Protein chains: 4
Amino acid sequence: MSRGLKIVTIGGGSSYTPELIEGFINYYSELPVREIWLVDIEAGKQKLEIVGNLARRMIEKAGLPIEIHLTLDRKKALEGADYVTTQLRVGQLAARALDEKIPLKHGVIGQETNGPGGLFKAFRTIPVILEIAREMEKVCPDAWLINFTNPAGMVTEAVLRHTSIKVIGLCNVPIGMERGVADLMKVDPSRVRIDFAGLNHMVYGLDVFVDGVSVKDQVIERITDPEKAITMKNIHAMGWEPEFLRALNLFPCPYHNYYYKTGDVLAQELKDAEKGETRAEVVQRLEEGLFELYQNEELATKPPQLEERGGAYYSEAAVRLIYSIYTDKRDIQAVNTINHGAIEGIPYGSAVEVSCVITKDGPKPINVGKLPIAVRGLIQQIKSFERVAIDAAISGDYDNALLAMTINPLVPSDRVAKLILDEMLEAHKSFLPQFFDKKEESLS
Amino acid sequence: MSRGLKIVTIGGGSSYTPELIEGFINYYSELPVREIWLVDIEAGKQKLEIVGNLARRMIEKAGLPIEIHLTLDRKKALEGADYVTTQLRVGQLAARALDEKIPLKHGVIGQETNGPGGLFKAFRTIPVILEIAREMEKVCPDAWLINFTNPAGMVTEAVLRHTSIKVIGLCNVPIGMERGVADLMKVDPSRVRIDFAGLNHMVYGLDVFVDGVSVKDQVIERITDPEKAITMKNIHAMGWEPEFLRALNLFPCPYHNYYYKTGDVLAQELKDAEKGETRAEVVQRLEEGLFELYQNEELATKPPQLEERGGAYYSEAAVRLIYSIYTDKRDIQAVNTINHGAIEGIPYGSAVEVSCVITKDGPKPINVGKLPIAVRGLIQQIKSFERVAIDAAISGDYDNALLAMTINPLVPSDRVAKLILDEMLEAHKSFLPQFFDKKEESLS
Amino acid sequence: MSRGLKIVTIGGGSSYTPELIEGFINYYSELPVREIWLVDIEAGKQKLEIVGNLARRMIEKAGLPIEIHLTLDRKKALEGADYVTTQLRVGQLAARALDEKIPLKHGVIGQETNGPGGLFKAFRTIPVILEIAREMEKVCPDAWLINFTNPAGMVTEAVLRHTSIKVIGLCNVPIGMERGVADLMKVDPSRVRIDFAGLNHMVYGLDVFVDGVSVKDQVIERITDPEKAITMKNIHAMGWEPEFLRALNLFPCPYHNYYYKTGDVLAQELKDAEKGETRAEVVQRLEEGLFELYQNEELATKPPQLEERGGAYYSEAAVRLIYSIYTDKRDIQAVNTINHGAIEGIPYGSAVEVSCVITKDGPKPINVGKLPIAVRGLIQQIKSFERVAIDAAISGDYDNALLAMTINPLVPSDRVAKLILDEMLEAHKSFLPQFFDKKEESLS
Amino acid sequence: MSRGLKIVTIGGGSSYTPELIEGFINYYSELPVREIWLVDIEAGKQKLEIVGNLARRMIEKAGLPIEIHLTLDRKKALEGADYVTTQLRVGQLAARALDEKIPLKHGVIGQETNGPGGLFKAFRTIPVILEIAREMEKVCPDAWLINFTNPAGMVTEAVLRHTSIKVIGLCNVPIGMERGVADLMKVDPSRVRIDFAGLNHMVYGLDVFVDGVSVKDQVIERITDPEKAITMKNIHAMGWEPEFLRALNLFPCPYHNYYYKTGDVLAQELKDAEKGETRAEVVQRLEEGLFELYQNEELATKPPQLEERGGAYYSEAAVRLIYSIYTDKRDIQAVNTINHGAIEGIPYGSAVEVSCVITKDGPKPINVGKLPIAVRGLIQQIKSFERVAIDAAISGDYDNALLAMTINPLVPSDRVAKLILDEMLEAHKSFLPQFFDKKEESLS
């Protein structure tokens, strides 16, 4: 360890990378990074070079002895890694556009981590991440895999259930909620603590504290106002019916809009789609702008425009996590990790998103016990869906895929599920060998 | 006990009563009923007399020494009762019509035991049944309460949680599924056994046996065909996507259509409503016809037309249950009873619908353990809804009522939930003192 | 099946066999047994012939077309078997004598299914039963294994966890308790039902019914009197402190003496041992007498002296179980079967002894839920012991064996545990290859 | 809060008080204590004054503006308190001597927190602590009750189950184990973290870390050596059989000697008793010496001799806990708190001793999940005992008291349990009104 840490970032050509680089620069005094390997695939080579060069300029400007390596050779990059982060997108934004548009054609929400879109992102992504994890088992079995790739909950659970790699799923929703509360309450974020529990993109704040004193009631009261809702760049804030939120008595995450305001979100999405403003389309344009900026040889810092991209606090979340593991910090962060009874009723071995003490031995969930009765059902239902979805993602079993699609609460019937499933399987065919190669096999 | 049993039927003026009388006649040799008290309220007095007189003619024709008492004095009827059955309908069919129509106006399924309709039936019914149970605590504390009143699961749970009365919730869905399998497989019903588990109107056959040998695969294969679906008079059979049902690998109940085919059922309901054929309207006409028949002084048997009414096997289910309790029969029947770990993940103290050994000491659930992962979520979600709904039904708390409505999986958003809630509260106002009297109170 | 059933009894030379034969004769009209294979090992060949010939005379006298086969070729016997029963004793009574005597030397109870003796019987037996089960996987994978071999709980769990064979552990304690209650209450046994829950030789009657009405209080009151205790031939009845039993408020099994009266039982055992009357010695003499009787060519029925042997109701229990499986009887019997949540707090996959509905698909436990708090701990402790013991029995790991011995509640310290362990390992060496061959291996 | 904190210490005349005062002095800069009320009863008045005067001299020497109040008026002391600590001993050391000696007469371990002695300490103490908690409900409902009074687990659970007061049970065993590891590993205590789980005086280190890296194997290896055992002043270190401890694979607490070395500890106790060196006798002499020292008007610091008394790190544990609550520190400490699923299998609502994050909102247990199978049973058994014991302590029910005594794993039979129970009830009669007044009542 004395030689410093080796960090590997899969999907290193992502527009998010400058966020991450900035984080490592900021934490350098306590987190001695020696080399950062940015890995991408052939199709992403050009972006990798643009981003990689920006990264080098940032490091240089900071005057730090961190080496930046750019490579398409994943295995070589992984050798001897200490921390591996993933931020890849199988099929890139074009696939995301399909995830968003096909369901909408059938009157179903199109979103990249929820509903049919989330299911297909899982189908495309899980086999790739498992391949990475199995590679890690060989060349860096003790490294931590920090997975930022969506759908982060399902991807993390797949790695937990099917490999021996130490994995943590990371999302910027919890940190965003904490910063949102800090803003609302006008206090420094370090004074805010939220008891998080749930699943990725289905996490609740069970209680909210400033300096250890609950401010949950005030937070609930304020966020019923759509102007004060705490949300993400990719989610329209719609506020909440005040009586509903009071009785729920929890701090919902932005993605709960998809479940408690399904009809309204769907209407908004249809409107956006008509205007050519699905999230994929918006992001496509943002990305183009960003990469143009990144190519500017004068640029040696993260440009402020990146914040529009949606990954707010990603740098903070990822680097803070690695830092706390490395230093055995024992501070509290919400991550996706294995459930060993932390949340009652969620099966042992599943991924949950929960406040944890971060130690060198990994995240230790703070006990939640029984979730409030009003949300227990929805969380269980999403977990049911995730389990069936993971199985289908790995086996490529059509029937299980249809089962997953049908039990997803955003899908209105087995019939519509089948329509969407068939259309999406066809559309994403080239990224879903598990569903297609097998069939051919069975024909021969 | 030597003097024979005293049976009390609340809602005795119901068109179902001849079913029940027929049952007691058939079982008389082993179930020595001495007197049957048919109880109704002032508004139902006329029907009570029509039905009561038919009951007397049936008994007379059978040549049995059973006394039929007709009364509006519930307390007197309950004194010293051995078994109390309930088949009441607060607000009668007019209220049902509202439960079905108001949600439809907002694009939501209108059904008397599911969605907003089920919620309001619970709001109207639970306080009345609790009043009966509390009366029983005083005048017949050892009697069994056999509750057939819908929503039977929530009503049963309310009695379990809030009184000391021994209660069993009874539904004709499980017996109907067994008979359906017997028909499909062309065997006598006594040779069929289904491992039932779930909630009322949300029950699954985990496995299906003929002579102890599983025939689940055959049953699943056949019921994908809408012609062979096993259903109820009040539910349109729609069949199932074969791949979905195979992957689900369970025998769903007819009410699962509302959850796995939501969109299609809604479309059908809207069509029916346009034609003036909501279920309430259909039943209204059936009832009128039945009561005309019942008035025929020549009639001394249950008329076959009653089967159209929807309560198929009700007589069989109710009387068989009382018989098995009375004789300590130790046979297997599916009923709604208290969960003490029979189904993992459902809270202790909740009502579940599950196969039980029926003894004089009550139903003893056969252990289920963990439900299959694919259905665990949906059942939990319905149970979440039921718990919040029961609390709201008792407290009359508006916020909780909105919470219940919003988390119901058939309702698309908190906003629509509020619209429906407000309209239904107003429409059913006279039957919902818990929501209104309190408010006036707080004004004074 | 039309050709009749093939029954295989491993350890067929046991003195118990006439019990079993009598059972099959009595049930023949409903349980069409075609052939019974009595299997034994070389060392038991003589006994096998004596018992086998008696069996043949019994069948002949009954005038039934059941074939009796005697063989040392276990695999041949198992081919195509429908039901396999085991009643073997690895090391025979000589090993039992050691199980009883060695612990006593160290001031610890010596008993063949509890404490150090039970542990070593498990060490000797589990590998042999697993070998049989693996043989069954090949030649009769659908047969039921009815295991009567002690320690029945641990042996059953080992088969459940490590093979695919359908196994049921059977003990005559529950049936003995039911018969004891029938005697006490002077009613026919068919009118008695006990809600059994616990582990083998650690089972409680949670409630006791006659005709479905609880008589637990009367039973508890009576059995505080040692004269009225319900016990086994091999256990001295000692009665109970009345206040203790009232507060316990359960019907303990005879083996609970070892745990709630440890000191007194130990004192009695030491006295018995001094007089040469350990159970092994008593049984040795009984067995000799029995085999002398069995050789009498005039004898063609089970001799009454067999009842002294201790296996009362064994015939009844074993044949009744096979009969109920075969006919899908759906009656209630207490057996050792897999726990899938029937008893909360006992791990899934463990063997529990619990009242079950017996079907052709196997035993279906009646749900128990949470055990009364006062006994939850002891049962968990025994289960902890059993789990560690099973692991050690299979792995032959010395450290685990010492752990099992030390956590057994009858053993006073890790130090004494080690003394007993070392002495017993040496004494039983020839039957414990898993502990010894391995060590030699690691030397080479 | 700006005026500083009010601390109340019940049992303020204890010889431990200088420990506590020293703690408050050391933490004063971050924990602004305004006044400390030392409360005692009439019988302890003299000691209270001796200790109180020493406390005043200590504060004066430290030059801090903390007021020391000495009083027998508990209610007045409690008014407006912020933190209440208890260190009382009902019946003083004379009662402890009986707890130790009476069981020994019957061949049973005599110890003040385990076995019959622990049971009677609970019987004497629980009613008094409940009285204090009920007083707090009236005059300082928001204060934290930091209970140091043994048996701390049972006392804490009684307060949790029967009052609304926020209570934390505190023990110096965990901190002692951490310091012991720090010594063994020659590192600063702040670098040691132990994952604690279990019950008070029945806690295990599930894992042991230095700087976040597990050193459990080294710790286990070393403590098999009695010279290196980590123990308490009141417990003879005996070391462990190495193979046992390796297979157990946990770090036991000193009190586990009573359960895993019962026979050896008993032998040692009998030897000590013969020499007049029971712990009560030793402590009696230590106390006399301490109070002589305390009277020395020159003394203005905690004398080093106090360490012999047994409460090592008590000051550290208690003050550190109050400090972390007050400052919302979010560090990790092991305390006795309510179980809400933190340890699976221990009932919700029970007290458990577990590593917690300490916040202003109280301790938040780090999730444990399933305990290792080998210890699950023993912990459950002790919890069974504790639950029955608490019930008996409150109700004064003789039968339940006998049940508790009998199921305690250190007691050999119901018969011996009754002998000890009867003798101890008589001996402690004046402190057990719940057992005696009631009986008289029922006679009148």
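Residues numbered from 1 in each chain as written. Chains lettered and ligands numbered in written order. Predicted model: local features only at pLDDT ≥ 70, side-chain atom pairs only at ≥ 80, totals over all residues.

Re the overall build of chain A
And then number 1: In terms of regular secondary structure, chain A is built from 17 helices and twelve strands.
And then number 2: Over its C-alpha atoms chain A spans a radius of gyration of 21 Å, differing by no more than 12% from the 22 Å that the globule rule assigns to 444 residues.
And then number 3: Projecting the C-alpha coordinates of chain A onto the three principal axes gives extents of approximately 65 × 55 × 45 Å.
And then number 4: Split into buried and exposed, the 444 residues of chain A put 59% on the buried side.
And then number 5: Across chain A, every contact between residues at least 6 apart in sequence was considered, and the portion connecting residues at least 24 apart equals 67%. (Helix = DSSP H or I, 4+ residues; strand = E, 2+ residues; numbered from the N terminus. Rg over C-alpha atoms; globule rule 2.2 N^0.38 Å. Buried ≥ 20, exposed ≤ 12 C-beta atoms within 10 Å, placed from the backbone. Contact = placed C-beta atoms within 7 Å.)

Some thoughts on the nonpolar core
And then number 1: Within the largest apolar cluster, 603 residues are counted, with the highest numbers of intra-cluster contacts made by I146 of chain A, I146 of chain B, I146 of chain C together with I146 of chain D.
And then number 2: Both domains that furnish three or more residues to this core are identified here as domain 1 (5–168) and domain 2 (391–443) of chain B.
And then number 3: Not counting the four nearest positions on each side in its chain, I146 of chain B is found in contact with Y83, V84, T85, I168, L170, A318, L321 and I322 of chain B. (Core = buried A, V, L, I, M, F, W, Y, C linked by C-beta atoms within 7 Å. Domains from an automatic or database assignment.)

Describing the UniProt feature "site: Increases basicity of active site Tyr" (unreviewed entry) in chain A
Residues and elements named next belong to chain A.
And then number 1: Taking the numbering used here, the UniProt-annotated feature "site: Increases basicity of active site Tyr" (unreviewed entry) corresponds to E112.
And then number 2: Tracing the backbone shows E112 in the loop between α4 (92–105) and α5 (115–139).
And then number 3: Looking at E112, the number of C-beta atoms within 10 Å reads 22, which means it is buried.
And then number 4: Here E112 is in contact with R96, D99, E100, G117, G118, K121 and N150, once residues within four sequence places are set aside. (UniProt positions renumbered as here; feature names shortened; annotations may be inferred.)

Focus on the relation of the copies chain D and chain A
And then number 1: You can overlay chain D on chain A at an RMSD of 0.0 Å; the transform is a turn of 180 degrees with a shift of 0.0 Å along its axis. Taken together, the rotation angle and the small translation identify this as a two-fold axis.
And then number 2: The share of interface residues of chain D whose copies in chain A are also at the interface is 100%, consistent with both copies meeting through the same surface. (Least-squares fit on C-alpha atoms with pLDDT ≥ 70 in both.)

With respect to the interface of chain A and chain B
And then number 1: Listed by partner, the interface residues are 40 residues for chain A and 40 residues for chain B.
And then number 2: Breaking the side of chain A that touches chain B down by element, the ones donating at least two residues are α9 (242–248), α11 (262–274), α14 (373–395), α15 (398–407) and α16 (414–427) of chain A.
And then number 3: Residue classes in the side of chain A that touches chain B are distributed as 18 nonpolar, ten polar and twelve charged. (Nonpolar A, V, L, I, M, F, W, Y, C, P; charged D, E, K, R; others polar.)

Section: the interface of chain D and chain A
And then number 1: Contacts between the two partners involve 22 residues from chain D, matched on the other side by 22 residues from chain A.
And then number 2: Secondary structure elements with two or more residues in the side of chain D that touches chain A: β9 (213–214), β11 (351–359) and β12 (362–365) of chain D.
And then number 3: Of the residues contributing to the side of chain D that touches chain A, the split by class is seven nonpolar, seven polar and eight charged.

Things to note about α16 of chain A
And then number 1: Across its 14 residues, α16 of chain A extends 20 Å between first and last C-alpha, which sits within 8% of the 20 Å expected from 1.5 Å per residue.
And then number 2: When we look at burial in α16 of chain A, the residues that qualify are D414, V416, A417, I420, L421 and M424 of chain A. What you see down the axis of α16 of chain A is that its buried residues fit within an arc of 150 degrees, all on one side. Of the residues in α16 of chain A, the exposed ones pointing more than 90 degrees away from the buried face are D422 and E426 of chain A.
And then number 3: Residues of α16 of chain A that are buried make contact with α4, α5 and α15 of chain A together with α9 (242–248), α10 (257–260) and α11 (262–274) of chain B. (Expected span 1.5 Å × (residues − 1). Arc of directions from axis to C-beta.)

Digging into the UniProt feature "binding site: substrate" (unreviewed entry) in chain A
Residue and element names in this part refer to chain A.
And then number 1: The residues that UniProt annotates with the feature "binding site: substrate" (unreviewed entry) are R96 and N150. Across 55 residues in sequence, these annotated residues keep their C-alpha atoms within 11.3 Å of one another, forming a single compact spot.
And then number 2: Counting through the fold element by element, R96 comes out in helix α4.
And then number 3: Among the residues examined, R96 registers 24 C-beta atoms within 10 Å and is labelled buried.
And then number 4: When residues no more than four places from it in sequence are discounted, the contact partners of R96 are E112 and A280.
And then number 5: Relative to the assigned elements, N150 resides in the loop between β5 (144–147) and α6 (152–162).

Let's talk about the relation of the copies chain A and chain B
And then number 1: Screw-axis analysis of chain A against chain B gives a translation of 0.0 Å along the axis, an RMSD of 0.0 Å, and a rotation angle of 180 degrees.
And then number 2: The residues that chain A uses at the interface reappear at the interface of chain B in 100% of cases, marking a shared surface.

Remarks on the pairing of strand β6 (residues 166–169) of chain B
And then number 1: Every second residue of β6 of chain B is oriented toward a common face, with K166 and I168 of chain B on one face and V167 and G169 of chain B on the other, all of them buried.
And then number 2: Note on the crossover from strand β5 (residues 144–147) of chain B through helix α6 (residues 152–162) of chain B to β6 of chain B: the handedness is right-handed. (Right-handed = clockwise from strand over helix to strand, strands pointing away.)

A few points about unusual backbone geometry
And then number 1: The omega torsion of the bond from N150 of chain C to P151 of chain C falls at -10 degrees, within 30 degrees of zero and hence cis.
And then number 2: Along the chain, the position of P151 of chain C falls in the loop between β5 (144–147) and α6 (152–162).
And then number 3: A positive phi angle is found at Q92 of chain B, which is not glycine, with a value near 50 degrees.
And then number 4: Tracing the chain through its elements places Q92 of chain B in helix α4 (residues 92–105).
And then number 5: We note that N249 of chain C has phi near 60 degrees; this positive angle belongs to a residue other than glycine.

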